[in-house]
Structures are given as structure tokens and as C-alpha cells.
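Next come the chains, spelled out residue by residue.
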Amino acid sequence: MTPLPTIAILGASGLIGEALARQLQGEGFPVLALARRFTAAQRQALGRPIERPLIDAPAADLARLLADEGAAIVVNCIGVLQDSGKGTAQAVHRDFAARLVEATRGRLLVQISIPGREADDHTPFSTTKREAERVIAESAEAFAILRPGFVWAPAAFGGSALVRALAMLPVALPAREAASPFAATDMRDIARTVAFLAQQWAGGRRDWRVTWDVMERRPGTVETVVEAVRRHLGGPPARLRLPGFLMAAGARAGDLAARLGWSPPIRTTALTEMRRGVSGDPGAWIAATGFEPASLDDALSHTPATVQERWFARLYLLKALVFTMLVLFWLVSGLVALTVSFEAASAILIGLGLPVGLAKGATVLTSLLDIQIGTMIATRRTARLGLWSAIALSLLYVLGAILFDPELWLDPLGAMVKTLPALVLTLVALALLTER
């Protein structure tokens, strides 16, 4: 029996990459999982994943890594929605594809791309994805470009997480976005397509130069997809349609959050791509593989509507609200104590017997600490440290009030009492911090 080839999956920590690695492993393929970083759970599930910064790696280094690990097939699942600290769309899509072509000589390169017509590419995301396709089609020895639609996978991230969240709200999207075509792709169809290519490669076929739309035969719209997920999860009926300006405002807020290192599902690029829609012709893929594509309902049937699915959907959009409130809580409390309430705040410490200079210095210090904590929570890279710092400082405030001025707990406005719910909200934020 011909041994199955080793399949290297680049970006194996992402939504498509992880699901692909898990399914191919389950079918007996040797899988080499590669990504910049994996979670502890992914390291456990993916056998021996390799953490490596791939985007800027020279072609020679990539080729050496693939050769050392015996990879015959390379699947590129790496991508970014917008320019960020993780790299620009040009660098991640087009430039990396050019080096990957050089590194995969003698191997089959499978590129996970985007559907649609080139004439409809209007964002750096879509134009650079299309440039990557051209580079591969012009220079790769053997390639398969797969263009999935809206991918439904066991995990949730980005667009698939947003659809889950919308399905648990009693609202519908604005009419413009709701009417966009939206063909779905069962993640299992991507995996079985890669498995098909790998088996053909193992059997000696080396002339692969194909581009396939991998998606359901009869696409719906964004609204019908959300409604299908709503029925699946048991969400409430949509009684209100969001106005378009709120969607646009949310996209701009998402751009700001992305600048701070977060990965919000709604950004201006995501909104533009949603309006463009997801469509294609799976005929060539079906004819070549003999597969019958799964519909969205088929895909949903393999994702049990468990309590954890519903909890995630309900909490997903609340996460942004939780972090926004904590950031404002710490920034405003620090700024107020440092400005309009400075004398009142200092007076509390003076009343405890501290010298005037020391009391005012302590007020300035604690106010600056509050502002610093708010800034740290707002920035994704320092958010965890900021949350733990918030817990530590809150406990210090509580302990200080108990030991030195218990009457603060009798304040009719409940200044100290309100610290305890803030502490609990901080613990909730820590529980929601993980994105994958």
C-alpha cells in the first residue's frame, strides 16, 4: 500500500488550519502543523506542532524546514484581514506566497484563498489575496487554489463567531448587508479535498494546476445564513433591523480596536467584504473530485447546539462591552481623581493623618496607576497584565479602606461597595480574554 504523504499546514493555529490538521490526522495522514504560536490545547491535540515565525522567513529556510520534516504537500492557511502588528496584507498574502512558491519546488502547494471575481476586489485584503493567486498560478510547479465560501467549522473565530452572536440577538442586519449572497462551506469539504489531492499525489499524479470554488451548490444570503444558525442554536426571532449607520460605526470602532492589537470581527474591510458577498461556481471542483458539497444545514447538523455554543454566542459581543467598560472605569476614575476631585481625594488621606504633601503625592500616584491600568487593559498585548494589576490594586483599595477608614463603606453613593462588582467584572474579562 502506498504510504500517505506528509502534509504541512501553515497557519495551523487558525480556524481553518486547526480544523484541517485535526481532520487529516483523524484520517491517518502524517500532519506537520506550523504556526507562529499555538495554545496549550492545540499543542496537545496536534501532536508535535512547530512554532515558527513564517511570514518573514526566507524561502531557503522554509524549503529546509519542509525537507527536514519530509513534507510533500503544503497547505497555506495564513491570512490577515487588515494591516496590523501581525503583518501587512501585502506581506502576508502576496510576498509570502512568492517565497512559498520557491520553497515548495517538487511539492504540491495548496493555497486557501477567497472566492469571487477579481473585478469585485476593492480592499487590500482581497486584492493581495488575488495577487497571491496570480503568483502561484504563474510560478508554482504544482498547485491547487481552493476558494471556500463562508466556512463553518467546529471552532468559532471572526466571521463565524459573529454569525453565532447575531443569531442569539433579536435583531437583523441592515438590509444592504443582509441581502448579500453568502455561500457556505463545510470545513469537512475543505479537508476531504486536501485528502483527495494528497491521495492523488501519493498515486503519482504531479500535474495539478487547478483553481476550485469549494462551496455549497445553492448559496443563500447573509440573512438566510444567520437565520439558519438562529434556528440551529434556538435563538430569539429577529424583531428589529439594525440601521446601517450603526453597522458602519461599529466597523470604525473595530478598526480602532485592531490598532490596539485586538481582532474584532467587524472592521471596515469585513463590512466591505460582507457587502460584496460570497459566491462562486463549484462545478469544476465537483466534477474533478466527485464530491457532493455539503449545504449549510448539513454543516450545522455536525455542530451540536450545546450549552457552551449558546454561552459563547451570547457572550461574544458582550466581551467588547466588558472590556470597554473596564477601560473607561479605570481611565475616568484616574482622570477625575487627578483633576476635578483632586482636593477631595487628597482630603481623605489628610483626614487619616498623612501630611499634606504626602497625601497629595499619594493621590497623584494612585490616579496615574488607575490611568495606566486602563491603558494596559485597552491594549491587547498588555491586557492580561492590566487585568491582574486591576485586581491587585482593587484589593489594595478594599484592604486600605477596611483598615484605615471603614466609614468609606457607609458612603451613600457606595464608592467602595462598587469596587466589588468591578472586581468580578475583571475576573469575567480574564475568562473572556482568550481569542482562540
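Look up: the structure comes first, before these words.
Computed from a predicted structure; not experimentally measured.

Analysis parameters
Residues numbered from 1 in each chain as written. Predicted model: local features only at pLDDT ≥ 70, side-chain atom pairs only at ≥ 80, totals over all residues. Heavy atoms only, no water. Buried < 20%, exposed > 50% of the residue type's maximum accessible area, 1.4 Å probe, protein only. Helix = DSSP H or I, 4+ residues; strand = E, 2+ residues; numbered from the N terminus. Pairing = 2+ DSSP bridges. Axes fitted to C-alpha atoms, helices over the stretch in contact; angles between N-to-C directions. Parallel < 35°, antiparallel > 145°, perpendicular 65-115°, else oblique. Contact = heavy atoms within 4.5 Å. Nonpolar A, V, L, I, M, F, W, Y, C, P; charged D, E, K, R; others polar. Core = buried A, V, L, I, M, F, W, Y, C linked by side-chain atoms within 4.5 Å. Phe/Tyr/Trp six-rings, centres within 6.5 Å; stacked < 30°, edge-to-face > 60°. Lys NZ or Arg CZ within 6 Å of the ring centre and 35° of its normal.

Novice: So what exactly am I meant to see when it comes to the pairing of strand β5 (residues 108-112) here?
Specialist: It is a general feature of regular strands that their side chains alternate between the two faces of the sheet. Of all five residues in β5, five are buried; the element is thus mostly enclosed. Burial along β5 is two-sided: the residues Leu108, Val110 and Ile112 and Leu109 and Gln111 are all buried. With four bridges joining them, strand β4 (residues 71-76) and β5 adopt parallel strand pairing. Note that in β5 the partner of Ile73 across the bridge is Leu108.

Novice: Which parts of the structure should I look at to understand the packing of helix α4 (residues 89-103) against helix α5 (residues 124-139)?
Specialist: The axes of two packed helices give the description: the angle between them and the distance between them. At a minimum axis separation of 8 Å, α4 and α5 run at an interaxial angle of 10°. One element, α4, and the other, α5, form an angle in the roughly parallel class. On α5, the residues touching Ala89, Gln90, His93, Arg94, Ala97, Ala98 and Val101 of α4 are Pro124, Phe125, Thr128, Lys129, Glu131, Ala132, Val135, Ile136 and Ser139. Partitioned by chemical class, the residues of the contact of α4 with α5 number nine nonpolar, four polar and three charged.

Novice: Looking at this structure, how should I read the environment of Val151?
Specialist: By the element assignment, Val151 lies in strand β7 (residues 150-152). Here the alpha-carbon distance between Val151 and Thr123, two residues 28 residues apart in the chain, equals 20 Å. Contact partners of Val151, with chain neighbours within four places excluded, come to Leu15, Ile16, Ser160, Thr185, Met187 and Ile190.

Novice: How should I be thinking about the nonpolar core in this particular structure?
Specialist: Note that soluble globular proteins tend to have their nonpolar side chains buried in a common cluster. Ile9 and Val75 are the most contacted members of the largest nonpolar core, which has 43 residues in total. When residues of this core are assigned to their parent elements, the largest contribution, nine residues, is made by helix α8 (residues 187-202). Beyond its immediate stretch of four places on either side in the chain, Ile9 contacts Gly17, Leu20, Ala21, Leu24, Val31, Leu32, Ala33, Leu34, Val75 and Cys77.

Novice: Explain the sheet that holds β4 here, please?
Specialist: Within a sheet, adjacent strands bond to each other through the backbone by hydrogen bonds, running parallel or antiparallel. What the seven strands build is an open sheet, ordered β3-β2-β1-β4-β5-β6-β11; its pairing is parallel. In this open sheet, the two edge strands, each paired with only one partner strand, are β3 (50-51) and β11 (209-214). In terms of strand pairing, strand β6 (residues 143-148) meets β11 through six bridges, oriented parallel. Bridge assignment links Pro148 to a residue of β11, and that residue is Val214. Packed on one face of the sheet, helix α3 (residues 59-69) meets β1 (6-10), β2 (31-35), β3 and β4 and runs near 130° to β4. Strands in contact with α5 are β5, β6 and β11; relative to β6, the strand with the most contacts, it is inclined by about 155°.

Novice: For this particular structure, what's the right way to read the packing of helix α10 (residues 244-259) against helix α11 (residues 268-276)?
Specialist: Axis separation between α10 and α11 bottoms out at 7 Å; the angle between their running directions is 140°. Taken together, the axes of α10 and α11 lie oblique to each other. Of α11, the residues touching α10 (which contributes Met247, Ala248, Ala251, Arg252 and Asp255) are Thr268, Leu271 and Met274. Taken together, the residues of the contact of α10 with α11 sort by class into five nonpolar, one polar and two charged.

Novice: Which parts of the structure should I look at to understand the packing of aromatic side chains?
Specialist: Aromatic ring pairs are described here by two measures, namely the spacing of the ring centres and the angle between the planes. Following the criterion strictly, the structure yields nine aromatic pairs and no others. Aromatic pair Phe196 and Trp208: ring centres 6.0 Å apart, planes at 70°, arrangement edge-to-face. Here Phe196 is found in helix α8, whereas its partner Trp208 is found in the loop between α8 and β11, with 12 residues between them in sequence. A residue is classified by how much of its surface remains accessible, and Phe196, at 13% relative accessible area, is buried. Its relative accessible area of 2% is what places Trp208 among the buried residues. An aromatic cluster of three or more residues is present, and its members are Phe196, Trp208, Trp212, Trp285 and Phe291. Sitting over the face of the ring of Trp152, Arg164 holds its NZ or CZ atom 3.9 Å from the ring centroid.

Novice: Looking at this structure, I do not really get the environment of Arg94. What am I missing?
Specialist: If you trace the backbone, Arg94 turns up in helix α4. What makes Arg94 partly exposed here is its relative accessible area of 30%. Distance in space between the C-alpha atoms of Arg94 and Glu133 is 8.1 Å, their sequence separation being 39 residues.

This is a description of form; function is not addressed.
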